[in-house]
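Survey of secondary and tertiary structure
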Amino acid sequence: MLAPPFDREAIDQLIGDLADRGFGVLTDAIAAPLVDRLVADCIAREDSGEMARAAIGREEAHTLETRIRRVDAAWLDGRSDGEAAFLALAEQIRSAINRRLYLGLFEFEAQFLTYPPGGFYARHLDSLRGTRNRIVSMVVYLNSDWEPAHGGELDIWSEKDDFGPPMATVAPRAGTMVLMLSEEIPHAVRSANAQRRVIAGWFRVNASTGQRADPAR
Ligand code: OGA
Ligand code: MN
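Read on for an overview of the structure. (Residues numbered from 1 in each chain as written. Chains lettered and ligands numbered in written order. Predicted model: local features only at pLDDT ≥ 70, side-chain atom pairs only at ≥ 80, totals over all residues. Heavy atoms only, no water.)

**So, the packing of aromatic side chains**
Put simply, the test is: Geometry of aromatic contacts follows a simple scheme: Phe, Tyr and Trp rings, the Trp one being its six-membered ring, pair when their centres are within 6.5 Å, and the pair is stacked under 30 degrees between planes, edge-to-face over 60, tilted otherwise. Sitting over a ring, as applied to charges here, requires NZ of Lys or CZ of Arg to be within 6 Å of the ring centre and within 35 degrees of the ring normal.
For the structure on display, the rule yields 3 aromatic pairs. The ring centre of Phe23 lies 4.2 Å from the NZ or CZ of Arg21, which sits over that ring. The ring of Trp202 has Arg134 lying over it, and the distance from NZ or CZ to the ring centre is 3.8 Å.

So this is what it looks like as C-alpha cells:
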C-alpha cells in the first residue's frame, strides 16, 4: 500500500484551526504522487460512467437540484492503492480530531466530485444542526494545473449568520485540504471555468447516538 504522507505537525495545526475558528486550510497536505493516483481513480469513475449528477444529500437522493449544485459524484470505496492510502490518512485524521476535540467521530465517507466547466455549488451547510450526522467536513483538491483563470475557488464564512465577505477563499490547487465543522461553517464553490476535481468527505457520528434513532440499527 502507498504510505500516506502524514505531516503530524501540519495536521495538528489544521485541527487546531478547526477547533479555534471552525475551519482550517492546509496546502500540500497530500503529496503529488498520491494526488496523481487519486486523479487517475477519479478519471476512471468518469470514464466508466459510474458518476451520476449529484443530488443534494441523501434525503433528496432522487432530486436533481441544479440551481444549487452542478457536479458529478461517485463514492470512494478503497478499491485502489490510492483510495486505500487516502482512507488510511482520513482514519488518522479522524482519531487525531477525536483526541483533540472529543467529537466521537465514528466513520468517514467520501465522494469524488467532478465539476464540469460551469459547475458550482451555492452557499450551503453540509449538515443541519440536530441531525448529529455529518460533524466535520473534509475537502481535498486534485487540480494539478489549476490557475486563477480556472476559477472554482471555495469561499468560507465564519458562521451561519455571517453574510459579509467570505472569511477565507481557497484555491482548489492539488494537495490542499480543508476541514470545516459541518453544522457551523457555510461555504460555496464559485463557478469553475475548467473541469474541477475534488474529494469531499464527511466524518460522522453513529446516528443512533444522536437525537434520531438510526433506523438501520
Ligand atoms: C461539498 C462541498 C466543496 C468543493 O461537496 O459539500 O462543499 O470545493 N464541496 O467542491
Ligand atoms: Mn459542502
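**What about the site of ligand 1?**
To keep things clear, this is the line we draw: The criterion for a residue being near a molecule or strand is simple. One of its heavy atoms has to lie within 4 Å of it. Polar contact is defined as a pair of N or O atoms within 3.5 Å, subject to the rule that within protein one atom must be able to donate a hydrogen and the other to accept it, and that residues adjacent in sequence are counted only when both atoms are side-chain atoms. In this description, accessible areas are obtained by the Shrake-Rupley approach with a 1.4 Å probe, and a residue is regarded as covered only by the protein chains that are shown. For the purposes of this entry, the term helix denotes a DSSP run of H or I that reaches at least four residues, the term strand denotes a run of E that reaches at least two, and both are numbered from the N terminus. In this classification, the charged set is Asp, Glu, Lys and Arg, the nonpolar set is Ala, Val, Leu, Ile, Met, Phe, Trp, Tyr, Cys and Pro, and all remaining amino acids, among them Gly, are polar.
Around ligand 1 sit 15 residues, and of these Tyr115, Asp126, Tyr141, His187 and Arg196 come closest. Here an oxygen atom of ligand 1 and a side-chain polar atom of Asp126 are 3.1 Å apart. Arg196 is positioned with one of its side-chain polar atoms (N or O) 2.8 Å from an oxygen atom of ligand 1. Considering ligand 1 on its own, with 290 Å² of exposed area, one finds that the protein chains cover 99% of that surface. Put simply, the parts of the chain that give the shell around ligand 1 at least two residues each are strand 5 (107-115), strand 6 (120-124), strand 7 (134-141), strand 11 (187-189) and strand 12 (196-204). Among the elements that take part in the shell around ligand 1, strand 12 stands out by supplying 4 residues, more than any other. The residue makeup of the shell around ligand 1, split by class, is 10 nonpolar, 2 polar and 3 charged.

**Focus on the packing of helix 1 (residues 8-21) against helix 3 (residues 81-101)**
Worth spelling out the cut-off: Axis lines are fitted to C-alpha atoms, over the contacting stretch for helices. Their N-to-C directions set the angle, which ranges from 0 to 180 degrees. For classification, angles of less than 35 degrees are called roughly parallel, those exceeding 145 degrees roughly antiparallel, those between 65 and 115 degrees roughly perpendicular, and all remaining angles oblique. Take the far helix as the reference: if the near one is turned anticlockwise from it by less than a right angle, the crossing is left-handed, and if turned clockwise, right-handed. By definition in these notes, contact holds between two residues if any of their heavy atoms fall within 4.5 Å.
With their axes 10 Å apart at the nearest point, helix 1 and helix 3 run at an angle of 50° to one another. Between helix 1 and helix 3, the angle is such that the two are oblique. For helix 1 against helix 3, the interelement crossing comes out right-handed. Contacts between helix 1 and helix 3 pair Arg8, Ile11, Asp12, Ile15, Gly16, Leu18 and Ala19 from the former with Ile93, Ala96, Ile97, Arg99, Arg100 and Leu101 from the latter. Considered class by class, the residues forming the contact of helix 1 with helix 3 number 8 nonpolar, 1 polar and 4 charged.

**Section: the coordination of the manganese ion (ligand 2)**
Let me state the cut-off plainly: Donor atoms are limited to N, O and S found within 2.8 Å of the metal ion, a distance that becomes 3.2 Å for Na, K and Ca. With water left out, some sites might look partial. Working definition: with a 1.4 Å probe on protein chains only, accessible area under 20% of the residue-type maximum means buried, over 50% means exposed, and in between means partly exposed.
Distances from the manganese ion (ligand 2) to its protein donors, His124 (NE2), Asp126 (OD) and His187 (NE2), fall at 2.1 to 2.2 Å. Spacing between the donor residues of the manganese ion (ligand 2) along their common chain follows H-x1-D-x60-H. You can see His124 sitting in strand 6 and its partner His187 sitting in strand 11, a full 63 residues away along the chain. Here the two residues His124 and His187 agree in accessibility, since each one is buried.

**Thoughts on the pattern of salt bridges**
What counts is decided by this rule: What counts as a salt bridge is simple: a side-chain nitrogen of Lys or Arg found within 4 Å of a carboxyl oxygen of Asp or Glu.
A full pass over the atoms with the stated rule returns 13 salt bridges. The closest approach of N and O atoms between Glu50 and Arg45, which form a salt bridge, is 3.9 Å. Judged by relative accessible area, Arg45 falls into the buried class, the value being 2%. Residues joined in a network through salt bridges with shared partners are Arg45, Glu50, Asp77, Arg79 and Glu83.

**A closer look at the pairing of strand 12**
This is how it is decided: Pairs of strands are assigned from DSSP output, requiring at least two bridges between the strands.
Most of strand 12 is tucked away, with 9 of its 9 residues classed as buried. Strand direction decides the pairing type here: strand 7 and strand 12, joined by 7 bridges, are antiparallel. Bridge assignment links Val140 to a residue of strand 12, and that residue is Ile199.

**A look at helix 3**
Along an α-helix, residues three or four positions apart point the same way, because every turn accommodates 3.6 residues. Just so we agree on the cut-off: The span one expects for a helix is its residue count, reduced by one, times 1.5 Å.
Helix length check: helix 3 (21 residues) gives 30 Å between terminal C-alpha atoms against 30 Å at 1.5 Å per residue, within 8%. For helix 3, the set of buried residues is Gly82, Glu83, Ala85, Phe86, Leu89, Ala90, Ile93, Arg94, Ala96, Ile97 and Asn98. Packed against the buried residues of helix 3 are helix 1, helix 2 (32-48), strand 5, strand 7, strand 10 (177-181) and strand 12. Phi turns positive one or two residues past the end of helix 3, at Tyr102, with a value near 50°.

**Focus on the environment of Arg173**
Summarising the element assignment, Arg173 is placed in the loop between strand 9 (168-170) and strand 10. Of the residues examined, Arg173 reaches a relative accessible area of 43% and is grouped as partly exposed. Not counting the four nearest positions on each side in its chain, Arg173 is found in contact with Tyr141, Asn143 and Trp146.

**Thoughts on the pairing of strand 5**
Regular strands place side chains that alternate from one sheet face to the opposite one. Within strand 5, 8 of the 9 residues are buried, which leaves the element mostly enclosed by the surrounding structure. Where strand 4 (residues 72-75) and strand 5 come together, 4 bridges link them in antiparallel fashion. Looking at strand 5, one finds that Trp75 is bridged to Gln111. Direction of pairing for strand 5 relative to strand 12: antiparallel, over a ladder of 9 bridges. Bridge assignment links Glu107 to a residue of strand 12, and that residue is Arg204.

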